[in-house]
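# Residue-level structural notes
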Amino acid sequence: MRLLFIIFLFFSSNVFSAEMSSEKMPKHEWSFQGVTGTFDRAAIQRGYKVYREVCAGCHSMKLLYYRDLIDVGFSEAQVKVIASEYTVLDGPNDDGEMFERPARPADRFVNPYANDNEARANNNGAYPPDLSVITKARKYGVDYIYNLLLGYVEPPKGMEVGNGMYYNKWMAGNQIAMPAPIADGSVDYDDGTDNNAEQLSADVTHFLHWAAEPEMEERKNLGIKVILFFIILGTIVYLAKNRLWRDVT
């Protein structure tokens, strides 16, 4: 029993010291935070441009359709133009053959690779994760994605980074196969917004969170209505109870 107690203290102290030595994940201010938070449509549109020019070459978004972009302020004509820049495999035609055609708004976002093996072969064996729900799939969500994009720094003295790997202070193990994707001026914004690395990272993270939870605003609005309903109902029930039982001693 004493030996088990010593082992428990040893491991618990190591875990505690590791937690104490790890840096706390910084929090970023987001417009969609809180009960009444909403998406910033302009930020989502800018974030889509960052995804399109920086991320889409490696990362897929299999759950998103081009027509979904209409919900964030793109016109139908703009979405048609965006979709037509990609090619999808369709068919079979009347001759029983598959053929390529320009993508339509009703098509899903085109995957940059034909299959998982091709994706790994083009990324030194590492598989680029699908970004459709990445902000919901990672601990700390949007803050993790934002900080990860900005977390490429020089490794500590004495630390060796593996071949084809890069040091990132927020990645588990601090080594990541993806090189730093974003730098100041990586993408030019049409609306004149400053395109420093922090702004680019915030915008693409905003876009990724909308993609993961496009119904967020409707859910929040419904939640507020439900809460107000129960407050009013509870008040009515309370007043009715007092009126019915006020003469009972």
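Up top you'll find the structure we're talking about.
Reference entry: report on the structure contained in this document. These figures come from a predicted structure and were not determined experimentally. (Residues numbered from 1 in each chain as written. Predicted model: local features only at pLDDT ≥ 70, side-chain atom pairs only at ≥ 80, totals over all residues. Heavy atoms only, no water.)

### Looking at the packing of helix α6 (residues 141–149) against helix α7 (residues 197–212)
For the pair α6 and α7, the least separation of the axes is 9 Å and the interaxial angle reads 145°. Classified by chirality, the crossing of α7 by α6 is right-handed. For the pair α6 and α7, the contacting residues are Val142, Ile145, Tyr146 and Leu149 in the first and Glu198, Ser201, Ala202, Val204, Thr205, Leu208 and His209 in the second. Grouping the constituent residues of the contact of α6 with α7 by class yields seven nonpolar, three polar and one charged. (Axes fitted to C-alpha atoms, helices over the stretch in contact; angles between N-to-C directions. Helix = DSSP H or I, 4+ residues; strand = E, 2+ residues; numbered from the N terminus. Left-handed = near helix turned anticlockwise from the far one by under 90°. Contact = heavy atoms within 4.5 Å. Nonpolar A, V, L, I, M, F, W, Y, C, P; charged D, E, K, R; others polar.)

### Here we look at unusual backbone geometry
Residue proline 92 is bonded to the preceding glycine 91 through a cis peptide linkage, with omega at 5°. Its place among the elements puts proline 92 in the loop between β1 (87–90) and β2 (99–102). We note that asparagine 124 has phi near 55°; this positive angle belongs to a residue other than glycine. Structurally, asparagine 124 is set in the loop between α4 (116–121) and α5 (134–137). The phi angle at tyrosine 140 is positive, at roughly 75°, despite the residue not being glycine. Tyrosine 140 gets classed as partly exposed once you look at its relative accessible area, which sits at 48%. (Buried < 20%, exposed > 50% of the residue type's maximum accessible area, 1.4 Å probe, protein only.)

### A few points about a nonpolar patch on the surface
A cluster of nonpolar side chains, Leu222, Val226, Phe229, Phe230, Leu233 and Val237, forms an exposed patch at the surface whose accessible area comes to about 570 Å². Classification of phenylalanine 229 as partly exposed rests on a relative accessible area of 48%. (Patch = residues over 30% accessible without salt bridge, like charges linked within 9 Å, V, L, I, M, F, W, Y side chains within 5 Å. Areas by Shrake-Rupley, 256 points an atom, 1.4 Å probe, with all protein chains shown as cover. Salt bridge = Lys/Arg side-chain N within 4 Å of Asp/Glu carboxyl O.)

### What to know about the environment of valine 35
Its place among the elements puts valine 35 in the loop between α1 (2–21) and α2 (41–55). Remark: the alpha-carbon pair of valine 35 and valine 81, spanning 46 residues in sequence, is separated by 36 Å. Beyond its immediate chain neighbours, meaning those up to four positions away, valine 35 contacts Lys220 and Ile224.

### What about the packing of aromatic side chains?
To describe a pair of aromatic rings, one takes the distance between the centres and the angle between the planes. Evaluation of the coordinates by the stated rule reveals 12 aromatic pairs. Taking the centre distance of 4.7 Å and the plane angle of 20° together, the rings of tyrosine 66 and phenylalanine 109 count as stacked. In this pair, tyrosine 66 sits in the loop between α2 and α3 (76–84) while phenylalanine 109 sits in the loop between β2 and α4, placing the two residues 43 residues apart along the sequence. Each member of the pair, tyrosine 66 as well as phenylalanine 109, carries the same accessibility label: buried. Among the aromatic residues, those joined into a cluster by ring pairs are Tyr48, Tyr51, Tyr66, Phe74, Tyr86, Phe109, Phe207 and Trp210. Its guanidinium or amino end placed over the ring of tyrosine 189, arginine 46 lies 5.6 Å from that ring's centre, counting from NZ or CZ. (Phe/Tyr/Trp six-rings, centres within 6.5 Å; stacked < 30°, edge-to-face > 60°. Lys NZ or Arg CZ within 6 Å of the ring centre and 35° of its normal.)

### So, the nonpolar core
With 45 residues, the main nonpolar core has Tyr48, Tyr51, Met61, Leu69, Phe109, Phe207 and Trp210 as its most contacted residues. When contributions to this core are tallied by element, the ones reaching two or more residues are α2, α3, α6 and α7. Counting residues per element, this core draws most heavily on α7, at eight residues. Those residues in contact with tyrosine 48 that lie beyond four places of it in its chain are Leu69, Phe74, Ile82, Tyr86, Phe109 and Phe207. (Core = buried A, V, L, I, M, F, W, Y, C linked by side-chain atoms within 4.5 Å.)

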